[in-house]
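A closer look at the structure
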2 protein chains.
Amino acid sequence: MSIFGSDKLKGKRIAIVATDGFEQSELEKPKKALEDAGAETHVISLKSGSIKGWDGNDWGDKVKVDKTIDEVQAGSYDALLLPGGVISPDKLRMEPRVVSFVTEMMRSGKAVGAICHGPWTLIETGLLRGRNVTSWPSLRSDLQNAGAQWTDETVVTDKGLVTSRNPGDIPAFSQKLIEEIAEGQHQPRS
Amino acid sequence: MSIFGSDKLKGKRIAIVATDGFEQSELEKPKKALEDAGAETHVISLKSGSIKGWDGNDWGDKVKVDKTIDEVQAGSYDALLLPGGVISPDKLRMEPRVVSFVTEMMRSGKAVGAICHGPWTLIETGLLRGRNVTSWPSLRSDLQNAGAQWTDETVVTDKGLVTSRNPGDIPAFSQKLIEEIAEGQHQPRS
């Protein structure tokens, strides 16, 4: 037990995949919660340097990029976090290297957390059929058309897949994601 | 024939539906092309006053709102234009009044033009099954999952439905939309 949090996620490495236009709070707050629980987090993006957040109705602060998507392997991480913000997921889902990484994390049975517009990138994996999810309401039709069961709840958990709707859900989202990571890997999916 | 354009669309009224975050050029340039062809255009939004464009990587200029969505009837218009910009369609598709208006325009067989991220709002009508479309590439999976046939072309026309990919396609998009409006209403769809 550290003085700042717990050791619940000690030794766990979490990939946070985002690019310019991520919703500031949806990256920073779950990142802090995961680190307070003992995890090591890496912000992974399309380019090195930093990425620019989106805070409500305008650009926000920069966040340091730890690794580029070209430098990482899904096998090196215990979990994936996809923050929202309408701009970042809209860019990420067009990047084949991001889609490969996210697909591998989804197939592995490791915990995957996606909040707000974050689940758009999950659609590109083709692995949402029959999965229970929630999201920002604009994505509902897209997730349903991808085969998911969508409900309007603070946090929806389905065998390691943790989704939430908006920044107001962050505390519940972070707590559930930490629990799912601590429980360990689910059975891999074909 | 006016000194600035043609009378091809004389007497035609065009609804341009957008909100904050529309891609500046994708509203202003087709609007001008439609007006130069003799049409009357109305910028229709969620609130009166003005809406703020998006220009490349940041907020752009304001555009005057002519009518709110509460004030208009689909029956009063000969065609619909849905500009892109990642933020505006993401908001519009969540508004039941907008979805009703767009659905009625799609059902009527009148010309509907949607560019870039504009087609997201069309997904909410549930009327894309079997239709030929294009869009900004991030929407491809969403449109395909909604039942549309997606191709990567400058402009795709399918019985009055005109779609394009990005600001570079605007000249071809505007020209094709004008042609489709001039041809008159297609058979209504159930």
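It should be noted that the structure appears before, not after, this text.
Residues numbered from 1 in each chain as written. Chains lettered and ligands numbered in written order. Predicted model: local features only at pLDDT ≥ 70, side-chain atom pairs only at ≥ 80, totals over all residues. Heavy atoms only, no water.

What follows is about the packing of aromatic side chains. The relative placement of two aromatic rings is captured by the distance of their centres and the angle of their planes. Under the counting rule described, the total for this entry stands at eight aromatic pairs over all chains. With centroids separated by 6.1 Å and ring planes inclined at 70°, the aromatic side chains of A:Tyr77 and A:Phe101 adopt a geometry described as edge-to-face. Highlighted residues: A:Tyr77 in the loop between β6 (67-68) and β7 (79-82) and A:Phe101 in helix α3 (residues 96-108), separated in sequence by 24 residues. Like A:Phe101, A:Tyr77 is buried. Plain terms: the ring middles of B:Trp54 and B:Trp59 are 5.2 Å apart, the flat faces sit at 80° to each other, and that makes the pair edge-to-face. A relative accessible area of 6% places B:Trp54 in the buried class. B:Trp59 sits in the buried class, given a relative accessible area of 17%. (Phe/Tyr/Trp six-rings, centres within 6.5 Å; stacked < 30°, edge-to-face > 60°. Helix = DSSP H or I, 4+ residues; strand = E, 2+ residues; numbered from the N terminus. Buried < 20%, exposed > 50% of the residue type's maximum accessible area, 1.4 Å probe, protein only.)

Further remarks concern the nonpolar core. Formed by 66 residues in total, the largest nonpolar core has its most connected members in A:Phe101 and B:Phe101. Each residue touching B:Phe101, except ones within four places of it in the same chain, is listed here: B:Ala15, B:Val17, B:Ile44, B:Ile69, B:Val72, B:Gln73, B:Ala74, B:Tyr77 and B:Leu80. In this structure, A:Ala37, A:Leu81, A:Val162 and A:Ile178 belong to the second largest nonpolar core, which totals 25 residues. (Core = buried A, V, L, I, M, F, W, Y, C linked by side-chain atoms within 4.5 Å. Contact = heavy atoms within 4.5 Å.)

What follows deals with the packing of helix α1 (residues 24-36) of chain A against helix α6 (residues 170-183) of chain A. Between two packed helices, both the angle of their axes relative to each other and the distance between the axes serve to describe the pair. All names here are of chain A. Two elements in contact, α1 and α6, have axes whose closest approach is 10 Å; the angle formed by their N-to-C orientations is 45°. When the axis of α1 is compared with that of α6, the two are oblique. As for the relative orientation of α1 and α6, their crossing is right-handed in sense. Where α1 approaches α6, its residues Ser25, Glu26, Lys29, Pro30, Ala33 and Leu34 are matched on the opposing element by Ile170, Phe173, Ser174, Leu177, Ile178 and Ile181. (Axes fitted to C-alpha atoms, helices over the stretch in contact; angles between N-to-C directions. Parallel < 35°, antiparallel > 145°, perpendicular 65-115°, else oblique. Left-handed = near helix turned anticlockwise from the far one by under 90°.)

A word on the relation of the copies chain A and chain B. Screw-axis analysis of chain A against chain B gives a translation of 0.0 Å along the axis, an RMSD of 0.0 Å, and a rotation angle of 180°. What the superposition gives is, in effect, a two-fold axis relating one chain to the other. The share of interface residues of chain A whose copies in chain B are also at the interface is 100%, consistent with both copies meeting through the same surface. (Least-squares fit on C-alpha atoms with pLDDT ≥ 70 in both.)

Residues and elements named next belong to chain B. As summarised here, the arrangement of the seven strands in space is β6-β3-β1-β7-β8-β12-β11, forming an open sheet in which the pairing is mixed. The open sheet terminates on both sides in strands that have one partner only, identified here as β6 (67-68) and β11 (155-158). Judged from the three bridges that link them, strand β1 (residues 13-17) and strand β7 (residues 79-82) form a sheet pairing that is parallel. The residue bridging Ala15 from the neighbouring strand is Leu80, located in β7. Packed onto the sheet, helix α3 (residues 96-108) meets β1, β3 (40-45), β7, β8 (111-115) and β12 (161-164) and runs at close to 130° relative to β7. Against the sheet, helix α6 (residues 170-183) makes contact with β1, β7, β8, β11 and β12, and its axis sits at roughly 170° relative to β8, the strand it touches most. (Pairing = 2+ DSSP bridges.)

Before going further, it helps to examine the side chain of B:Glu26. Residues and elements named next belong to chain B. Among the secondary structure elements, Glu26 is positioned in helix α1 (residues 24-36). Nearest to the buried, unbridged Glu26 among oppositely charged side chains is Lys29, at 9.8 Å. Within the structure, the side chain of Glu26 is placed 2.9 Å from the backbone nitrogen of Gly84, a separation counted as a polar contact. In contact with Glu26, not counting residues within four places along its chain, are Pro83, Gly84, Gly85, Ile115, Cys116, Asn166, Pro167 and Ile170. (Lys, Arg positive; Asp, Glu negative; His and termini not counted. Salt bridge = Lys/Arg side-chain N within 4 Å of Asp/Glu carboxyl O. Polar contact = N/O pair within 3.5 Å; in protein donor to acceptor, adjacent residues only side chain to side chain.)

Before going further, it helps to examine the environment of B:Gln73. Residues and elements named next belong to chain B. Within the secondary structure, Gln73 sits in the loop between β6 and β7. Classification of Gln73 by relative accessible area gives exposed; the value is 55%. On a C-alpha basis, the gap between Gln73 and Ser108 in space is 12 Å, while along the polypeptide they are 35 residues apart.

Here the focus is the interface of chain A and chain B. Facing 20 residues of chain A, the contacting portion of chain B comprises 20 residues. Together, the buried faces of chain A and chain B total about 1700 Å²; carbon and sulfur atoms form 52% of this surface. The interface formed by chain A and chain B holds two salt bridges in total. Summed over the shared surface of chain A and chain B, the number is 12 residue pairs in polar contact (both at pLDDT 80 or more). Among the secondary structure elements, those contributing two or more residues to the side of chain A that touches chain B are β5 (58-64), α2 (87-92), α4 (120-123) and α5 (140-145) of chain A. Examining the composition of the side of chain A that touches chain B, we find that three residues originate from one element, α5(A), more than from any other. Taken together, the residues of the side of chain A that touches chain B sort by class into 10 nonpolar, five polar and five charged. (Buried area = accessible area lost by both parts, 1.4 Å probe. Nonpolar A, V, L, I, M, F, W, Y, C, P; charged D, E, K, R; others polar.)

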